[in-house]
Number of protein chains: 2
Amino acid sequence: MLLSRKADYALRAVRHLSLIPKGTLNSINAIAAAEEIPREFLAKILKDLTRSGILKSFQGVTGGYRLGKKAREISFLDVIEAIEGPLHLNLCTVEGHKCACPVAETCTMRLFWVAQEKSLKKALAKHTFVRYSKTRR
Amino acid sequence: MLLSRKADYALRAVRHLSLIPKGTLNSINAIAAAEEIPREFLAKILKDLTRSGILKSFQGVTGGYRLGKKAREISFLDVIEAIEGPLHLNLCTVEGHKCACPVAETCTMRLFWVAQEKSLKKALAKHTFVRYSKTRR
């Protein structure tokens, strides 16, 4: 039930950008070095985060990345789902109430997973990057 | 952050055995058929569950499996960890306080993961198979 390395790197990249002074940008090389993330892997991650609006990218020699929204408007859940798609704890909770398991109709365990997933997602949605931007500036 | 198929099958196998009448056994074929689990995969799962004491296996033509403890003494966490080893939500919480990530010493996100992991593990440890054995008998 581990968070993927890709999603963990994404969280760290966003945290990093929540700490840079307002109005500035950070290059992919700077983020990769500071967070010790393999550069090519980070490139894919930053693309996903930019596509989802979490980051803004600027081209050119003086280009780079910054947050695409206020730090308090970006949650852990936003970042994880931008990378991995909708978060689920078990296949049986995927796609609304349609369970991927062949004995879904008689499954008495599904509700437990639905409750746990709801609880974790709530915590992840509540945990925004404002706490990091406040702590370090 | 999905539960593995192996651990999900294990939970279903244990639930299945929590529903059979006391003093009886169920064969691997019966469990595989009832829970629609590939037989060879189930064999590995039942071996892990037996090794950990969650199940008891009996050899011979009339052999099979039953719970190795009372249903109320077997939790979801017991079953998942018998299959996957210690449960973690992020690599940074693995091995006590030693983080697998190279920037562990300055990581401000680790405590959040520790708290979420603790909360999920608590819920999984509290959720025992007694509720299934009671429901269906």
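Residues numbered from 1 in each chain as written. Chains lettered and ligands numbered in written order. Predicted model: local features only at pLDDT ≥ 70, side-chain atom pairs only at ≥ 80, totals over all residues. Heavy atoms only, no water.

## So, the overall build of chain A
Note the threshold: Under the DSSP-based scheme used, a helix requires at least four consecutive residues in state H or I and a strand at least two consecutive residues in state E, with every element numbered from the N terminus. Partly exposed residues are those whose accessible area sits between 20% and 50% of the maximum for their type, while under 20% is buried and over 50% is exposed, using a 1.4 Å probe and protein chains only. Throughout, a residue-residue contact means that at least one pair of heavy atoms, one from each residue, lies within 4.5 Å.
Across its full length, chain A carries six helices and two strands. For chain A, the succession of helices and strands along the chain, N to C, is α-α-α-β-β-α-α-α. The buried share among the 137 residues of chain A stands at 47%. For chain A, restricting intrachain contacts to residue pairs at least 6 apart in sequence, the fraction spanning at least 24 positions comes to 63%.

## Points about the relation of the copies chain B and chain A
Our working definition: The copies were overlaid by least squares, fitting only the C-alpha atoms of residues that reach a pLDDT of 70 or more in each copy.
At an RMSD of 0.0 Å, chain B and chain A line up after a rotation of 180° and a shift of 0.0 Å along the axis. The relationship between the two copies is best expressed as a two-fold rotation axis. Closest to the rotation axis within chain B is the C-alpha of Met1(B), separated from it by 2.2 Å. Here 100% of the interface residues in chain B have copies in chain A that are interface residues too; the copies meet face to matching face.

## So, the side chain of Asn26(A)
Residues and elements named next belong to chain A. This is how it is decided: Polar contacts here mean pairs of N or O atoms no more than 3.5 Å apart (in protein, one a potential hydrogen donor and the other a potential acceptor; neighbouring residues in sequence count only if both atoms are side-chain atoms).
Here Asn26 shows up in the loop between helix H1 (5-18) and helix H2 (28-35). Accessibility expressed as a relative area gives 16% for Asn26, which makes it buried. Within the structure, Asn26 has its side chain in polar contact with the side chain of His16 (distance 2.6 Å). Excluding anything up to four places from it in sequence, Asn26 contacts His16, Leu17, Ile20, Ile31, Gly64 and Tyr65.

## Description of the packing of helix H1 (residues 5-18) of chain B against helix H2 (residues 28-35) of chain B
Residues and elements named next belong to chain B. For clarity, the threshold we go by: Axis geometry follows a simple rule: fit a line to the C-alpha atoms, using only the stretch in contact for helices, then measure angles between N-to-C directions, giving values from 0 to 180 degrees. Put simply, angles under 35 degrees are roughly parallel, angles over 145 are roughly antiparallel, angles from 65 to 115 are roughly perpendicular, and the rest are oblique. By definition, turning the near helix anticlockwise from the far helix through less than a right angle yields a left-handed crossing, and turning it clockwise yields a right-handed one.
As a packed pair, H1 and H2 sit with axes 10 Å apart at the nearest point and diverge in direction by 110°. Between H1 and H2, the interaxial angle falls into the category roughly perpendicular. Crossing angle aside, the handedness with which H1 passes H2 is right-handed. Residue-level inspection shows Arg12, Ala13, Arg15, His16 and Leu17 of H1 in contact with H2, the latter providing Ala30, Ile31, Ala34 and Glu35.

## Digging into the interface of chain B and chain A
We apply this condition: Buried surface area refers to the total accessible area, computed with a probe of radius 1.4 Å, that the two partners give up upon joining, counted for both partners together. By salt bridge we mean one thing: a side-chain nitrogen of Lys or Arg within 4 Å of a carboxyl oxygen of Asp or Glu. Here the term charged refers only to Asp, Glu, Lys and Arg, the term nonpolar to Ala, Val, Leu, Ile, Met, Phe, Trp, Tyr, Cys and Pro, and the term polar to all other amino acids, Gly among them.
Between chain B and chain A, the residue contacts involve 34 residues of the former and 34 residues of the latter. Buried surface at the junction of chain B and chain A, both sides included, amounts to about 3400 Å², of which 66% is carbon and sulfur. Inspection of the region where chain B meets chain A yields zero salt bridges. Here chain B and chain A share six residue pairs in polar contact (both at pLDDT 80 or more) between them. Here the side of chain B that touches chain A gets six residues from one element, more than from any other, and that element is helix H5 (residues 110-126) of chain B. In terms of residue class, the side of chain B that touches chain A is made up of 21 nonpolar, six polar and seven charged.

## As for the confidence of the model for chain A
The cut-off we apply is this: By definition, pLDDT measures how confident the predictor is in each residue, and it falls between 0 and 100.
Chain-level statistics for chain A give a pLDDT mean of 90 and a share of 89% at 70 or above. Scoring the predicted complex yields pTM 0.89 and, for the interface, ipTM 0.88.

## As for unusual backbone geometry
Although it is not a glycine, Glu36(A) adopts a positive phi angle of roughly 55°. Relative to the elements of secondary structure, Glu36(A) occurs in the loop between H2 and helix H3 (39-51).

## Looking at the environment of Leu120(A)
Along the chain, Leu120(A) turns up in helix H5 (residues 110-126). Leu120(A) sits in the buried class, given a relative accessible area of 6%. For Leu120(A), the contacting residues outside a window of four places in its chain are Leu87(A), Leu89(A), Met1(B), Leu89(B) and Gln116(B).

## Describing the nonpolar core
As a reminder, the rule being used: Within this scheme, the nonpolar core is defined by two criteria: the residues are buried Ala, Val, Leu, Ile, Met, Phe, Trp, Tyr or Cys, and they are joined through side-chain atoms within 4.5 Å.
Core analysis: the biggest nonpolar cluster contains 80 residues, and Trp113(A) and Trp113(B) have the highest contact counts within it. Once you skip the residues sitting within four places of it in the chain, Trp113(A) turns out to touch Met1(A), Leu89(A), Asn90(A), Cys92(A), Thr93(A), Leu3(B), Leu11(B), Phe76(B), Ile80(B) and Leu124(B).

## Brief notes about the pairing of strand S2 (residues 64-67) of chain B
If a strand is regular, its side chains alternate between the two faces of the sheet. Residues and elements named next belong to chain B. Under the convention used in this document: Pairing between two strands requires that DSSP report at least two bridges joining them.
Pairing of strand S1 (residues 55-58) with S2, which is carried by four bridges, proceeds in the antiparallel orientation. Looking at the pairing, Phe58 lines up with Gly64 of S2. Linkage of S1 to S2, two consecutive antiparallel strands, is achieved through a turn of five residues, within which Gly60 is found at a positive phi near 100°.

## Digging into the packing of H2(A) against H3(A)
Residues and elements named next belong to chain A. At a closest axis distance of 10 Å, the pairing of H2 and H3 adopts a crossing angle of 115°. Classified by chirality, the crossing of H3 by H2 is right-handed. On H3, the residues touching Ile28, Asn29, Ile31 and Ala32 of H2 are Arg39, Leu42, Ala43 and Leu46.

## Things to note about the packing of aromatic side chains
All names here are of chain A. Put simply, the test is: Classification of ring pairs rests on two measures: the distance between centres of Phe, Tyr or Trp rings, Trp counted by its six-membered ring, which must be within 6.5 Å, and the angle between planes, read as stacked under 30 degrees, edge-to-face over 60 and tilted in between.
Under the defined criterion, the tally for this structure stands at 14 aromatic pairs over all chains. With 5.4 Å between their ring centres and 75° between their planes, Phe112 and Trp113 make a pair best called edge-to-face. The two residues Phe112 and Trp113 agree in class, both being buried.

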